[in-house]
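What follows is each chain in one-letter form.
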Amino acid sequence: MDNIYAFEKLDAWKQAKELAKLVYKLVAKFPQYEQFALSSQVRRAVISVPSNIAEGTGRMSMKEKIHFLEISYGSLVETYCQLQIAVELNYITSDELEQVKPVFFSTSRLISGLRRSYEAQH
């Protein structure tokens, strides 16, 4: 028997966790006065991505599992939107955002694939 939770085996969760670490490093570049504004919102949104994948695996019904993936996906898009604003405010560069953009798309595809897998079981 493995001593890990089911979500720890999911590629979507692993990728979302890596994305969260990358985004946290970007947010560290934000101005100090943004600590309780945009930077806080970005951190909350990005940490919600892997957290909701994990929480969904702990739910019993397939409907709930899918619902938490939808929340996760929404948080992913929210984070990307907020980082675009951070570029426009010159908190990070467009090149920095472009460097993490493939991880956003990869995470998006993995969450969508997991959702389709759950729907097929539903």
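Everything here concerns the structure above.
Description of the structure in this document. (Residues numbered from 1 in each chain as written. Predicted model: local features only at pLDDT ≥ 70, side-chain atom pairs only at ≥ 80, totals over all residues. Heavy atoms only, no water.)

For the rest of this paragraph, the subject is the packing of helix α2 (residues 38-57) against helix α3 (residues 62-88). Interhelical geometry of α2 versus α3 gives an angle of 160° and a closest axis separation of 8 Å. In this view, α2 runs roughly antiparallel relative to α3, as classed from their interaxial angle. Note on packing geometry: the crossing formed by α2 with α3 is left-handed. In terms of residue class, the contact of α2 with α3 is built from 13 nonpolar, nine polar and three charged. (Axes fitted to C-alpha atoms, helices over the stretch in contact; angles between N-to-C directions. Helix = DSSP H or I, 4+ residues; strand = E, 2+ residues; numbered from the N terminus. Parallel < 35°, antiparallel > 145°, perpendicular 65-115°, else oblique. Left-handed = near helix turned anticlockwise from the far one by under 90°. Nonpolar A, V, L, I, M, F, W, Y, C, P; charged D, E, K, R; others polar.)

Under the 1.5 Å per step criterion, the end-to-end length of α2 is 29 Å for 20 residues, consistent within 8% with the ideal 28 Å. Remark: the principal bend of α2, roughly 35°, maps to Val-49, with a proline, Pro-50, within the next four residues. Of all 20 residues in α2, 14 are buried; the element is thus mostly enclosed. (Expected span 1.5 Å × (residues − 1). Bend = angle between axes of the 7 residues up to and from the residue. Buried < 20%, exposed > 50% of the residue type's maximum accessible area, 1.4 Å probe, protein only.)

Taking 1.5 Å of rise per residue, 28 residues should cover 40 Å, and helix α4 (residues 94-121) covers 40 Å from first to last C-alpha, within 8% of that figure. Maximum bend of α4: about 35°, positioned at Val-100, with proline Pro-102 one to four residues after it. Within α4 the residues assigned to the buried category are Glu-96, Leu-97, Val-100, Val-103, Phe-104, Ser-106, Thr-107, Ser-108, Ile-111, Leu-114 and Tyr-118. Considering only its buried residues, α4 is in contact with α1 (11-27), α2 and α3. (Contact = heavy atoms within 4.5 Å.)

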